[in-house]
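# Geometric and topological summary
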Amino acid sequence: MLETSARLLKLLSLLQAHREWSGGELAERLGVTPRTVRRDVDRLRGLGYPVHSATGTTGGYRLGAGAELPPLLLDDEEAVAVALGLQGAAAGGVQGIEESSARALAKLEQVLPHRLRRRVGALTAYTVPLTRPHSGPAVDSTTITELAHACRDHEVVRFEYRTHGGEVSRRVVEPHRLVSTHRRWYLVGWDRDRADWRTFRADRVALRPPHGPRFPPRTPPAEDLAAWVSEGVSTRAFATQATVLLHAPAERVAERVPLTSGTLEAVDAGSCLLRTGAHSPEVMVIHLMFLGFDFEVREPVELNDHIRAFRDRLSRSLGEAEPVPGGSPDTHPLL
């Protein structure tokens, strides 16, 4: 009986590898006859596992989806990955799944072998998340699920959308994809009333079912939607936009410029282009200064006038003479 149970667990583990197995392959892996494999498959079906089979030269066995969730078998690395993922979900970001994530994590930790429990415990005890508990509203899990289903089924969605300034408008959108960052979820879709692609923050979406009708999928606005959304929320959404050459490697700059603050393009090993946006030219200058890298404005050239104004103001605050146009840089230090 113990041998049969162990063989069933091994068979289940093979089937959960998400591929189709022939009866001969399974018999060889398990060291039994094809007839025994058929009996073991029937036992798994009796336990509620939906094992599908097909006859013929291309036939075989595969594990499908059933009406209920059966127990899953995870190897060591998979178990640790799931535990860490549940810890992150329990910390927030998507409203409504924190409690269920914590319950699932507790169940998993209860059955983890001691060696794995020590690994997960060490990572938990000696890891400090770099997050702000109140960095913004979390998106509702039901909203995320409905939007994902609408993207999959190509169904029009209707919702009320609240802008950053608090204005509310009704939208009719053909949803395409969800793009997520650590704390934000964005919906990319075709706005029917505006006849253009738009990006919507999911935490500002209030769905108004029913959804539909279905629509034929459109060609997306970009092949790399993550980069397109990043450019939209960091650059296109602002009145002042700029492209600057930073004298620092792109990898180093990326440590200070998140995807929601700008897009980077490496020029060579020691420099990169930053495309970013701000509410005003003055805010743009402060933003660039706080990056801590030497830079050159590529566009708009008018931004240099605001940089000179900041330079002159700082010079006056230090009691230095007004810079003279065309004067020596030795007597009129620049920022």
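In this report, the structure presented in the accompanying data block is examined. Everything numeric in this text was worked out from a predicted model, so none of it was measured.

Below, the discussion takes up the sheet that holds strand β12 (residues 271–278). Strand order in the open sheet formed by four strands is β11-β12-β10-β13, and the pairing between neighbours is antiparallel. Edge positions in the sheet fall to β11 (263–268) and β13 (295–299), since each has one partner strand and no second. Averaged over neighbouring strand pairs, the angle between their axes works out to 30 degrees when direction is ignored.

With that settled, the discussion passes to helix α11 (residues 303–317). Taking 1.5 Å per residue as the helical rise, α11 with its 15 residues ought to reach 21 Å, and the 22 Å between its terminal C-alpha atoms agrees with that figure. Buried within α11 are the following residues: Leu303, Ile307, Phe310, Arg311, Asp312 and Ser315. Contact partners of the buried residues in α11: β10 (240–246), α10 (281–291) and β13. Of the residues flanking the end of α11, it is Gly319, one or two places downstream, whose phi is positive at about 75 degrees.

What the five strands build is an open sheet, ordered β8-β7-β6-β5-β9; its pairing is antiparallel. Edge positions in the sheet fall to β8 (196–201) and β9 (205–207), since each has one partner strand and no second. Neighbour-to-neighbour, the strand axes of this sheet turn through a mean angle of 50 degrees, independent of strand direction. For strand β5 (residues 157–162) and β9, the ladder comprises three bridges, and the chain directions are antiparallel. Residue pairing across strands places Phe159 opposite Leu207, the latter belonging to β9. With respect to the sheet, helix α7 (residues 141–153) is in contact with β5, β6 (168–180), β7 (185–191) and β9, its orientation differing from that of β6 by roughly 75 degrees.

A separate point is the pattern of salt bridges. Oppositely charged side chains can form a pair if their charged atoms are brought close together. For the coordinates displayed, the defined rule picks out 17 salt bridges. Two residues, Arg45 and Asp42, come together in a salt bridge whose shortest N-O distance is 3.3 Å. Taken together, the residues Arg45 and Asp42, both in helix α3 (residues 34–46) and three residues apart, mark about one turn of the helix. You can call Asp42 partly exposed: its relative accessible area is 47%. The salt bridge involving Arg170 is made with Glu160; its shortest N-O contact spans 3.3 Å. Within this pair, whereas Arg170 is found in strand β6, its partner Glu160 is found in strand β5, the two being separated by ten residues in sequence. By relative accessible area, Arg170 is classed as exposed at 61%. Taken together, the shared-partner salt bridges in this structure form one network comprising Arg7, Asp40 and Arg43.

In this structure the tally under the stated criterion is four aromatic pairs. With a centroid separation of 5.2 Å and an interplanar angle of 80 degrees, the aromatic rings of Phe159 and Phe200 are classed as edge-to-face. A residue pair is termed long-range when its members are at least 10 positions apart, and Phe159 in strand β5 and Phe200 in strand β8 qualify at 41 residues. Phe200 sits in the buried class, given a relative accessible area of 1%. In this structure an aromatic cluster arises from ring pairing among Phe159, Tyr161 and Phe200.

With that settled, the discussion passes to the side chain of Thr263. Topologically, Thr263 is positioned in strand β11. Owing to a relative accessible area of 18%, Thr263 belongs among the buried residues under this scheme. In this structure, Thr263 is in contact with Ala227, Ser230, Glu231, Ser234, Leu273, Leu274 and Arg275, ignoring residues within four places of it in sequence.

The step from Pro209 to Pro210 runs through a cis peptide bond, and the omega angle for that step is 5 degrees. Of note, Pro210 is situated in the loop between β9 and α8 (225–236). Cis peptide bonds are those with omega within 30 degrees of zero, and the linkage from Gly212 to Pro213 qualifies with 5 degrees. If you trace the backbone, Pro213 turns up in the loop between β9 and α8. Backbone geometry at His154 places phi at a positive 55 degrees, although glycine is not the residue there. Look at Ala195: it is not a glycine, yet its phi comes out positive at around 50 degrees. Topologically, Ala195 is positioned in the loop between β7 and β8.

Conventions we followed
Residues numbered from 1 in each chain as written. Predicted model: local features only at pLDDT ≥ 70, side-chain atom pairs only at ≥ 80, totals over all residues. Heavy atoms only, no water. Pairing = 2+ DSSP bridges. Helix = DSSP H or I, 4+ residues; strand = E, 2+ residues; numbered from the N terminus. Axes fitted to C-alpha atoms, helices over the stretch in contact; angles between N-to-C directions. Expected span 1.5 Å × (residues − 1). Buried < 20%, exposed > 50% of the residue type's maximum accessible area, 1.4 Å probe, protein only. Contact = heavy atoms within 4.5 Å. Salt bridge = Lys/Arg side-chain N within 4 Å of Asp/Glu carboxyl O. Phe/Tyr/Trp six-rings, centres within 6.5 Å; stacked < 30°, edge-to-face > 60°.

All quantities given are derived from atomic positions and should not be read as evidence of function.
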